[in-house]
Structures are given as C-alpha cells and as structure tokens.
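Single-letter residue listing:
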Amino acid sequence: MNLRKVYEKGLEKVVYLKSELDDAFPHITKDGKWLTNTEGHWTGGFWTGLLWLNYLENKEAGDLKEEIVKQTLKLAVRMDDNKTHDMGFIFGPSCVFGHNIEASEKFVEMAVAGSCNMEDLFVEGTDLVQAWDEPGYEGAAIVDTIMNAPIMIWAAQAEKNDALYEKGIKLANSIMKNHIRDDYSIYHMVKWDTNSHEIVEKTTHQGYLPDTCWSRGQAWALYGFGNMYRYTGSKVYLDTAKNLANYYWENVDVDTKLPRWDFYFKNVEKEPIDAAASSIAASGMLLISHLLMEDNTQESILWKDRSKQIIDSMIEHCFFQSYDKYGIIEKATVDKPRNSGINESAMYGDYYFMEALYRYLNYGNDKAISLLY
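Thresholds, definitions, all that
- Residues numbered from 1 in each chain as written.
- Predicted model: local features only at pLDDT ≥ 70, side-chain atom pairs only at ≥ 80, totals over all residues.
- Heavy atoms only, no water.
- Phe/Tyr/Trp six-rings, centres within 6.5 Å; stacked < 30°, edge-to-face > 60°.
- Helix = DSSP H or I, 4+ residues; strand = E, 2+ residues; numbered from the N terminus.
- Buried < 20%, exposed > 50% of the residue type's maximum accessible area, 1.4 Å probe, protein only.
- Lys NZ or Arg CZ within 6 Å of the ring centre and 35° of its normal.
- Core = buried A, V, L, I, M, F, W, Y, C linked by side-chain atoms within 4.5 Å.
- Contact = heavy atoms within 4.5 Å.
- Pairing = 2+ DSSP bridges.
- Axes fitted to C-alpha atoms, helices over the stretch in contact; angles between N-to-C directions.
- Parallel < 35°, antiparallel > 145°, perpendicular 65-115°, else oblique.
- Left-handed = near helix turned anticlockwise from the far one by under 90°.
- Nonpolar A, V, L, I, M, F, W, Y, C, P; charged D, E, K, R; others polar.
- Expected span 1.5 Å × (residues − 1).

Trainee: When you look at the packing of aromatic side chains in this model, what are you seeing that I'm missing?
Mentor: Within a pair of aromatic rings, the relevant descriptors are the distance that separates the centres and the angle that separates the planes. Under the definition given, this model contains 29 aromatic pairs. Each ring, one from Tyr208 and one from Trp261, has its centre 6.3 Å from the other, and the planes form 90 degrees; the classification is edge-to-face. Pair noted here: Tyr208 is in the loop between strand S7 (199-203) and helix H8 (215-232) and Trp261 is in the loop between helix H9 (235-251) and helix H10 (275-292), with a separation of 53 residues, a long-range link. A relative accessible area of 39% places Tyr208 in the partly exposed class. The class of Trp261 is buried, set by a relative accessible area of 5%. Judged by centre distance (6.1 Å) and plane angle (70 degrees), the rings of Tyr247 and Phe263 are edge-to-face. In this pair, Tyr247 is assigned in helix H9 and Phe263 in the loop between H9 and H10, connecting sequence segments 16 residues apart. Per residue, the accessibility class of Tyr247 equals that of Phe263, and both read buried. One aromatic cluster is present, formed by Trp42, Phe46, Phe89, Trp220, Tyr223, Tyr348, Tyr351 and Tyr352 through successive ring pairs. A cation sits over an aromatic face here: Lys9 above Phe320, 5.1 Å from the ring centre. Geometry around Trp303 places Arg306 over its ring, the cationic atom sitting 4.8 Å from the centre.

Trainee: Just to check I follow, could you spell out the nonpolar core for this structure?
Mentor: Most often, soluble globular proteins have nonpolar side chains that are buried together. Counting residues in each nonpolar core, the largest one holds 124 residues, and the members touching the most others are Phe91, Tyr352 and Phe353. Considering each element in turn, this core owes the most residues, 12 residues, to H10. With residues up to four places along the chain from it excluded, the contact list for Phe353 reads Val6, Ser279, Ile311, Met314, Ile315, Phe319, Ile328 and Ile329. Ala131, Trp132, Ala140 and Ile142 belong to the second largest nonpolar core, which has 5 residues in total.

Trainee: Just to check I follow, could you spell out the sheet that holds S7 for this structure?
Mentor: Working definition: the strands of a sheet are paired by backbone hydrogen bonds and lie parallel or antiparallel to each other. Taken together, the 3 strands give an open sheet; going across it, the order is S5-S6-S7, and neighbouring strands pair in antiparallel fashion. Taken across any chain shown, the strands that pair with only one partner, and hence form the sheet edges, are strand S5 (140-142) and S7. For this sheet, the mean inter-axis angle between neighbouring strands, taken without regard to orientation, is 20 degrees. With 3 bridges joining them, S5 and strand S6 (residues 189-192) adopt antiparallel strand pairing. Residue pairing across strands places Ala140 opposite Lys191, the latter belonging to S6.

Trainee: Can you help me understand the packing of helix H2 (residues 44-57) against helix H4 (residues 87-101) in this one?
Mentor: A packed helix pair is summarised by two numbers, namely the angle formed by the two axes and the spacing between the axes. The interhelical angle for the contact between H2 and H4, taken along N-to-C directions, is 25 degrees, at an axis separation of 7 Å. Accordingly, the angle class assigned to the pair H2 and H4 is roughly parallel. As H2 runs across H4, the sense of the crossing is left-handed. Here H2 contributes Gly45, Phe46, Thr48, Gly49, Trp52, Leu53, Tyr55 and Leu56 to the contact with H4, which in turn contributes Phe89, Ile90, Pro93, Ser94, Phe97, Gly98 and Ile101. In terms of residue class, the contact of H2 with H4 is built from 10 nonpolar, 5 polar and no charged.

Trainee: Explain helix H11 (residues 297-317) to me, please; I cannot follow it from the model alone.
Mentor: Because an α-helix completes one turn every 3.6 residues, residues spaced three or four positions apart along the sequence face the same direction. Compared with the 30 Å implied by 1.5 Å per residue over 21 residues, the 30 Å span of H11 between its first and last C-alpha is a close match. Of the positions making up H11, those classed as buried are Ser300, Trp303, Arg306, Ser307, Ile310, Ile311, Ser313, Met314 and Ile315. Packing partners of the buried residues in H11 comprise helix H1 (3-21), H9, H10 and helix H12 (347-361).

Here is the structure:
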C-alpha cells in the first residue's frame, strides 16, 4: 500500500477517534475498546501528538488548531506531578511539538515544568531518575527514561539553565553505563541502595527474565539515545543509538521483522509480538538515518531501508481493519508478565507508527522533521 495513503488513512482514524472520545485521553484498548482518562496518564502526550500531526495536514480545517490547543492545555494539571519520570512522554509530543508548530509561551511553561519534575526525581550519587516516587519503587530506574531526558536538555536550552543541562547529560550517561549490556541489549530496570546509592540489582519489570531483553525497552533506548544526539551533538549518543538499533534489528523475527514482546522468544509463534515496540523502533531508525545523512550517506540509507521494511510489515500485519475497534496499530503487548494488554492497541504504538510515516514521507525535509520533539 502507498505510504501516503496509509498515512492519510491513519489520520482518518485519528479524526474518527476524536469524535468518539469526547475530549478524553485514550490510553490502551481492552478487547479493542479504548480505556480513557481525563488527565492523560503517561500517554496523553501521544494522543495530542497525533492531533498535531493531523493539524499539519489540515491547517485550513475550521477551528482545528483551537481544539488541539485546548486538548494540550488539559495536560497543565501534570505540571506539578513530580511522582513519575514520564515528563517527556507527556509534554514532548504535546507541548514541545505544539510549540514548534505554533509558538506558545504556555506550552514552554508546561514543558519546563515537566523538566523540573524530572529534576526532582534526579538522584545524586546514581545520576539516575527514579521511575516512580511511590511505595515499592524506591531506588528504581527504568531504561524508558532515556526518552524523557531530552526534555531536560530542551528546557535547559530554553531557560539557559546550565545546571539542568548538566543533569540531563549525567542522566543519559548513567543510563548508558547502567542499563546497556556489552552486547548492546538493555536491562529494563536497575535498582540502587537508597543509603549508599550503589547499584545492587539489574533486572526487568516488563521483560521475561532479568537477563533477557524486553523489546520495547530496546526500542525506547535506540530512539532515546538518537534524540539525545540530536539535542546535544554528542557523538557517543549517536554511536550508542546505532549499536542499540543493530541489536534490535538482529533479534526481530526473521520473516516479518517484527519483535516478540521479549527477544528471548524470537521466532516463537505462540508468543505475542509487540507492535508498539515496532512503531518506536521504526521511527527511531528513521531518526538515526536522518542524523547520518550528511556524514555517512551509505549508513543513512541502510537505516532508512530497515525502517521501511518494518513499516511495510506493520502495514501487512498490524494496521487497523475497522474504525470502531482498536487504534491505528493492533497487536501491541502492554505488559505480558502481568497479562495486561495482550494483542491490543496502545496510544504510544499509534503515535510512533504515524510519526514514523511522517518521518519517511518528509525524509530530507529538515524543517518538517525539526518540528518533532
């Protein structure tokens, strides 16, 4: 199927969902129907990001911008939420992306507040951000946080805050040190002694076993380090992103180029795939490709081609079949160890699939690509 037509059909699904959701934030589906909330959970930014993507294609459509601004501003209730690391997820595709499209002091204020929440969870001595400030998660960090580190860099640059910038760099470096194995697979979770700050455990939260590799965590990592290079120009992050992406590519199923929920189960048909991991990886590989365009054309083309193979396979195996069930992408696996969200849709899967298409269709257009968080 022509990628432009796929993208347009995906946006049609966004418009349909908006008409059905009554301004709530969709999170994940259960039996194909969206579970929603009013404050965005950790996925509200992705829904708003989809609305911004739709706006870029339909700027002339009536009050569309005002409606999206209104939806984005609903996330202002999260400005004082310093209990979760998810600030880049919440404020990146909503406020940073939105501000890059239509400059807004309020969007900047919201994104800066999100970076301050990250700073509150930053633990000196480990240089990691506590994933969740709640009982049972003391001294625990997850690799997903690398996706949120760029909002600290973005806010630091916007506010000329050298201390915040340095913490963002320390965070990325500590994730690189503590979460990435020698073969460039990832540990999902690391834990430290809250008194000595010594790392005492490297394990998983949503993967199969501590020493296996949760595929969505690998996707978060390859994308996140690529984005850290984009924001800082530090080549070590780009090299890390490429190595992480290579591990991802080498461990997807051979025939489909789609990942099982944990790479331990490569090519094991009875185990569910995670289409959301695939969406993130496809967009992340295109990010890497774009970053390599000037310095290494051959390598840039390689990552573009690999991403295209993933996108094509997702269209064949995961693209939605009806408007009234699931989202844009089906067959996401939310949390297999807890038997949550198996073969469903997830807002992050939908957003990054559409972002991947946006990156591909605007490949080489620096102005269009630079709008993204």
